[in-house]
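Geometric and topological summary
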Amino acid sequence: MAVWQTELRQTVIDVTASRNDMAYHHYAVLEDGDSPSYFVKYSSESLLEESRTLQYLYNLAQFDPRAPRIPKIYDFFTTFDILRREYLVMEYIPPPTVTIGKWIADVISWLHACPLPLNASIGPVGGGIIRHRFFRDGDAPIEFASVAALEIYINKALSIAARVTPKEPLLTISFTDVPLQFYHGDVTYENFLIDPDTLDIWLIDAEDIGILPAPFSTFALNGSEDPLLRAVSSNVDIFRWDQMKILYRAVYWIHMFRLDSYGRETPKKIDDNVSYQDWKLEPLPPPPTLPSKYDDLQILEVPVLPRRWDTWKFLPSV
């Protein structure tokens, strides 16, 4: 491990340890009290999936003039003390946020058209738990091994619906011949920043980005009263599908019941000890110059806008 990487990790661990447990699980470290240096996310849950996805999109963006700007990842690592904790250290991009829905729609259109990784599986790049509001609490209950497993899961929910409401016909869903594509499941102002000097748009968060059959991209942009989502969806060429109403019916029952095991195949396992070095796609870049000592650090709290889960209305609008 390089000296700079050892120093960076120790600094991040020290700063995180000094924070109140109730604080946001992210912050920015400012160099010399002025210039933004780096942004840190930490969690007792896995950040590896987001790191892989962000790194993949960053690499694509380097060779695509239409792409938004993507933060550079400096490091990803895991510590095992009293609790297991993962850290993602990346380039810090200061506000302001993008306020024009059409500009965000251009980013989403680029994301939908991104080429998929070789032998891509569903979920985050490299595999993992799917984050999408289609699922109860926004997280899939299991790591789906394939599109077929996801299909089994959804059809099980539909079979429950037929038993509970016997007057309704038994419906099934099939993703045969439906393409896979990237989706963004958390289109909020806080995830899109703009450089006021160049008007470059930054896509800064990949926690709710992944790969699914294309109707899930449509689902993520519809059925909500959120004015931003409506503005974005009206400017994106969304995937039209004749089974979309069935998908909306399934989500009602998936949110009603905890269907944790249906669709289970042998899931891929992620090693707790995996490090950034095991999956990086290019040489790890050095970060900006770090302050010479911990006392010189200035920590910038980066607040999060509240998620408006109460505004979601799971009604088809396509």
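Residues numbered from 1 in each chain as written. Predicted model: local features only at pLDDT ≥ 70, side-chain atom pairs only at ≥ 80, totals over all residues. Heavy atoms only, no water.

Across the 8 residues that make up strand β3 (residues 73–80), a large majority, 7, are buried. Relative to strand β4 (residues 84–91), β3 is paired through 7 bridges, and the arrangement is antiparallel. Across the sheet, the residue bridging to threonine 79 is arginine 85, located in β4. Hairpin connection between β3 and β4: a loop of 3 residues separates the two successive antiparallel strands. (Buried < 20%, exposed > 50% of the residue type's maximum accessible area, 1.4 Å probe, protein only. Helix = DSSP H or I, 4+ residues; strand = E, 2+ residues; numbered from the N terminus. Pairing = 2+ DSSP bridges.)

Moving on: the confidence of the model for the protein chain. Averaged over every residue, the pLDDT of the protein chain is 81; the share at 70 or more is 79%. Taken element by element, the predicted model of the protein chain shows its lowest mean pLDDT in strand β9 (residues 298–301) (57) and its highest in strand β8 (residues 209–213) (98). Overall, residues 265–285 carries pLDDT values under 50, and its contacts beyond four positions in sequence, including any with other chains, amount to 53 contacts. Here residues 287–296 scores under 50 on pLDDT; set against residues more than four positions off or in separate chains, the count is 17 contacts. (pLDDT = per-residue confidence, 0-100. Contact = heavy atoms within 4.5 Å.)

Inspection of the secondary structure assignment puts leucine 259 in the loop between α7 (244–256) and β9. Sequence separation of leucine 259 and proline 141 is 118 residues, and the distance between their C-alpha atoms is 7.4 Å. Residues in contact with leucine 259, not counting those within four places in the same chain, are Pro141, Tyr153, Ala157, Ile160 and Ile254.

Moving on: the side chain of serine 217. Note on placement: serine 217 falls in helix α5 (residues 215–221). Assessed through its relative accessible area of 3%, serine 217 is described here as buried. In terms of polar contacts, serine 217 uses its side chain to reach the side chain of glutamine 181, at 2.8 Å. If sequence neighbours within four positions are ignored, serine 217 has contacts with His112, Gln181, Phe182 and Tyr183. (Polar contact = N/O pair within 3.5 Å; in protein donor to acceptor, adjacent residues only side chain to side chain.)

To continue, consider the pattern of salt bridges. Per the counting criterion, the structure on display carries 11 salt bridges. Residue arginine 69 pairs with aspartate 200 through a salt bridge whose shortest N-O separation is 3.1 Å. Placement of arginine 69 in the loop between α2 (48–61) and β3 and of aspartate 200 in the loop between β6 (192–194) and β7 (201–203) is noted, with a sequence separation of 131 residues between them. The class of arginine 69 is partly exposed, set by a relative accessible area of 37%. Overall, aspartate 200 belongs to the partly exposed group, its relative accessible area being 28%. For the salt bridge of arginine 131 with glutamate 207, the shortest nitrogen-to-oxygen distance reads 3.7 Å. In this pair, arginine 131 sits in the loop between α3 (101–113) and α4 (147–164) while glutamate 207 sits in the loop between β7 and β8, placing the two residues 76 residues apart along the sequence. Among the charged side chains, a network of salt bridges with common partners joins Lys41, Glu50, Arg131, Asp139, Asp205, Glu207 and Asp208. (Salt bridge = Lys/Arg side-chain N within 4 Å of Asp/Glu carboxyl O.)

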